[in-house]
Amino acid sequence: MPEKISIVNTVTFAASASGYLSVYRPTAGRKAVVKKFKACFPPGSENYLHVAIYHGIRQAIPRSGAISGDGVCIEVEAEEEYLSEEEVKLWYNNTDTVNSRTVTYILEIELTK
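Residues numbered from 1 in each chain as written. Predicted model: local features only at pLDDT ≥ 70, side-chain atom pairs only at ≥ 80, totals over all residues. Heavy atoms only, no water.

A. Just the overall build of the protein chain, in detail. Scanning the protein chain for helices and strands turns up zero helices and eight strands. Taken from the N to the C terminus, the helices and strands of the protein chain come in the order β-β-β-β-β-β-β-β. The globule rule puts the C-alpha radius of gyration for 113 residues at 13 Å, and the 14 Å found for the protein chain is close to it. In terms of overall dimensions, the protein chain has a C-alpha envelope of 45 × 25 × 20 Å along the principal axes. Going through the 113 residues of the protein chain one by one, you find that 41% of them count as buried. Sequence-distant contacts, at least 24 apart, represent 83% of the contacts inside the protein chain between residues at least 6 apart. Accessible surface, the protein chain: about 5900 Å² in total, of which carbon and sulfur atoms supply 50%. Treating the 12 positive side-chain charges of the protein chain as one cloud and the 14 negative ones as another, the clouds have centres 5 Å apart. (Helix = DSSP H or I, 4+ residues; strand = E, 2+ residues; numbered from the N terminus. Rg over C-alpha atoms; globule rule 2.2 N^0.38 Å. Buried < 20%, exposed > 50% of the residue type's maximum accessible area, 1.4 Å probe, protein only. Contact = heavy atoms within 4.5 Å. Areas by Shrake-Rupley, 256 points an atom, 1.4 Å probe, with all protein chains shown as cover. Lys, Arg positive; Asp, Glu negative; His and termini not counted. Charge placed at Lys NZ, Arg CZ, Asp CG, Glu CD.)

Following this line, the structure appears as structure tokens:
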């Protein structure tokens, strides 16, 4: 029976920052299946911050485009499998050149052997 875990984190990205943030890596001998990704943007975010989940160099969630918002939570169902030691990465791009921007993300993951 798979073990279910949730990863919840709030991160703030500096003005004009973009890159990748490691958010999870299954331990040796385990597989992780990302079942859901939820991104919550506080009021006043003005759609400046864009996020997505990557699997290696491939965008996984959403399959194309990015998630952004202002005072909303956006949830995407998924079935993205990561093998042992593969890294789940959050891609981010803050298009605001003056202000830092914040997102709270939740990953729901099933772990198997």
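Text resumes after the structure shown.
B. Layout of the sheet that holds strand β7 (residues 88-94). An order of β2-β7-β4-β5 is seen for the four strands of this open sheet, with the pairing classed as antiparallel. Each edge of the open sheet carries a strand with a single partner, namely β2 (18-24) and β5 (58-61). Neighbour-to-neighbour, the strand axes of the sheet open up by a mean angle of 40 degrees, direction not taken into account. When strand β4 (residues 49-55) meets β5, the two strands line up antiparallel, connected through three bridges. Bridged to I53 within β5 is I61. (Pairing = 2+ DSSP bridges. Axes fitted to C-alpha atoms, helices over the stretch in contact; angles between N-to-C directions.)

C. Up close: the nonpolar core. Within the largest apolar cluster, 27 residues are counted, with the highest numbers of intra-cluster contacts made by F37, V51, L90 and L107. Only β1 (3-13), β2, β3 (31-41), β4, β5, β6 (72-82), β7 and β8 (101-112) provide two or more residues apiece to this core. Excluding its chain neighbours within four sequence positions, the residues that come into contact with V51 are F37, A39, F41, A66, I67, L90, W91, Y92 and V103. (Core = buried A, V, L, I, M, F, W, Y, C linked by side-chain atoms within 4.5 Å.)

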